[in-house]
Amino acid sequence: MEQNRVKSKNLFNFRPTGVVDADIVEIEKAMMEEMGVDMNAMMQQMQAMSDEEYLTSMRGMMDGMGPAAFAGPVYSEAEDSCNHSTLAVPTTHDGDYEVQVLVHTPKAIARDQSRACIIYAHGGGAIGGSAAMYKGLLSYMAVDCGVVVFNVDYRLAPETRCPNNVLDFYEVIKYVSLHAADLGLDPARIAMAGESGGGYICAGAMVQLARKDEAHLVKLAIPIIPMLSDYCFSDTAAMTKHEAEMAIGQRKIWRLIGGPEFDEMRKDALLFPGKADEETLSKMPPTIVWEAEFDMYITEATRFANRLRAAGRLLEFVVIPGTKHGSGFAPYHACFKREREAWRMAIQEYLLK
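In short, a report on the structure. Everything numeric in this text was worked out from a predicted model, so none of it was measured.

Reading the values: rules and limits
- Residues numbered from 1 in each chain as written.
- Predicted model: local features only at pLDDT ≥ 70, side-chain atom pairs only at ≥ 80, totals over all residues.
- Heavy atoms only, no water.
- Pairing = 2+ DSSP bridges.
- Helix = DSSP H or I, 4+ residues; strand = E, 2+ residues; numbered from the N terminus.
- Axes fitted to C-alpha atoms, helices over the stretch in contact; angles between N-to-C directions.
- Contact = heavy atoms within 4.5 Å.
- Buried < 20%, exposed > 50% of the residue type's maximum accessible area, 1.4 Å probe, protein only.
- Arc of directions from axis to C-beta.
- Polar contact = N/O pair within 3.5 Å; in protein donor to acceptor, adjacent residues only side chain to side chain.

### Considerations on the sheet that holds strand β6 (residues 220-224)
Next, step 1: Strands sit in the order β1-β2-β4-β3-β5-β6-β7-β8 across an open sheet of 8 strands; the sheet is mixed. The sheet is open, and its two borders are formed by β1 (82-91) and β8 (314-320), each paired with just one other strand. Going from strand to strand, the sheet's axes swing by 20° on average, the running direction of each strand aside.
Next, step 2: Here β6 runs beside strand β7 (residues 287-292); their pairing, made up of 2 bridges, is parallel. In the strand pairing of β7, Ile 224 is matched with Trp 290.
Next, step 3: Relative to strand β5 (residues 185-195), helix α7 (residues 197-211) is tilted by about 130°, and along the sheet it contacts β3 (115-121), β5, β6 and β7.
Next, step 4: Each of β6, β7 and β8 is contacted by helix α11 (residues 298-310), which is oriented at about 160° to β8, the strand it contacts most.

This is the structure we're talking about:
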């Protein structure tokens, strides 16, 4: 077991600030005022919704606000700096279905035949969002890091229940690894990542790879601000402010993902990757857990990171100070530059080298 322990380079030691960055607070307030939204009233209304009503509301919100979050010259310029193609990955785990993948290749490395890549699961709670919505962000990631990004349009809940959404992503990982030469990739430099609901998809695929003894297919895994466990069903009195505010809504999301068999599945790590047993953890790929100081998943991500460290599979636990859920993806936040620089360093040191 000792020989399988990964070695951290100890690249990151951000100090927590204890307060959300002032610009994040101000921008969030201005956006709510511009839309005429009372955040507290909206939260209470959404908490009172049925699971299905919540789904409709969340999808509408993502469709309305998502494009604005990923707009701006930094992303449009990155799109222009990439070649864009599509890949269809055939699967049979939930009927005959081809998982669609958007491929963002920096023009600067288009002719290379041994490129590194990141296979990415978009956010949206695994109930919303799309690969197309992430075209700008992931084009920027591709250009900034000098890698090809495979932007996976995995199927969403509740139309597709756990574990099939996770297995969509897992099958893309297997396909890319198997066809690396044809895709102009270096099979020894493949990473998997995803944020929020996509962080759950990424972590769930880490469980599947471990169970199949296939962790060697990727060099690096990075679940970012990930949904990991049923912590939201516990007593909110013991939670952080941001965890408690989102707990009721998060419970609805998990029930939508799990479906009618939710109660029976609660011990399955494909639904709650944070519950993976010690053997499974020890077989996971080398992992960076990426978090935000005021994220609503910070407690479960911290537990997951600590368990991975004990299992010998944690490279880094990165917590960006002063930030909330997804703050570092918005170019209009001051933290964007700091977080993107940290991400680029992580990719350079743990994937490219």
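Picking up where we left off.
### Let's talk about helix α2 (residues 39-47)
Residues three or four positions apart in an α-helix share a direction because the helix packs 3.6 residues into each turn.
Next, step 1: Restricting attention to buried positions, one finds in α2 the residues Met 42, Met 43 and Met 46. Along the long axis of α2, the arc covered by the buried residues comes to 100°, so they all point the same way. Residues of α2 that are exposed and point more than 90 degrees away from the buried face comprise Asn 40, Gln 44 and Gln 45.
Next, step 2: Buried positions along α2 lie against α3 (51-69) and α8 (241-258).
Next, step 3: One side-chain oxygen at the N-terminal end of α2 lies 3.1 Å from the backbone nitrogen of Asn 40; it belongs to Asp 38.

### Describing the pairing of β1
Next, step 1: Here 10 bridges tie β1 to strand β2 (residues 97-106), and the two strands are oriented antiparallel to one another. When the sheet's bridge partners are listed, Thr 91 is paired in β2 with Tyr 97.
Next, step 2: Counting the residues that bridge the hairpin from β1 to β2 gives 5 residues, and of these Gly 95 lies at a positive phi of roughly 80°.

### Examining unusual backbone geometry
Next, step 1: Omega for the bond connecting Ala 157 with Pro 158 falls within 30 degrees of zero, at 5°, which places this linkage in the cis form.
Next, step 2: Residue Pro 163 follows Cys 162 across a cis peptide bond; omega there is 10°.
Next, step 3: In this fold, Pro 163 is placed in the loop between β4 (148-153) and α6 (164-178).
Next, step 4: One non-glycine residue, Ala 126, adopts positive backbone phi at about 65°.
Next, step 5: By the element assignment, Ala 126 lies in the loop between β3 and α5 (135-145).
Next, step 6: Under the relative-accessibility criterion, Ala 126 is labelled buried at 0%.
Next, step 7: The backbone phi angle of Ile 225 is positive, close to 35°, even though this residue is not glycine.
Next, step 8: Mapped onto the fold, Ile 225 is located in the loop between β6 and α8.

Nothing here speaks to function; it is geometry throughout.
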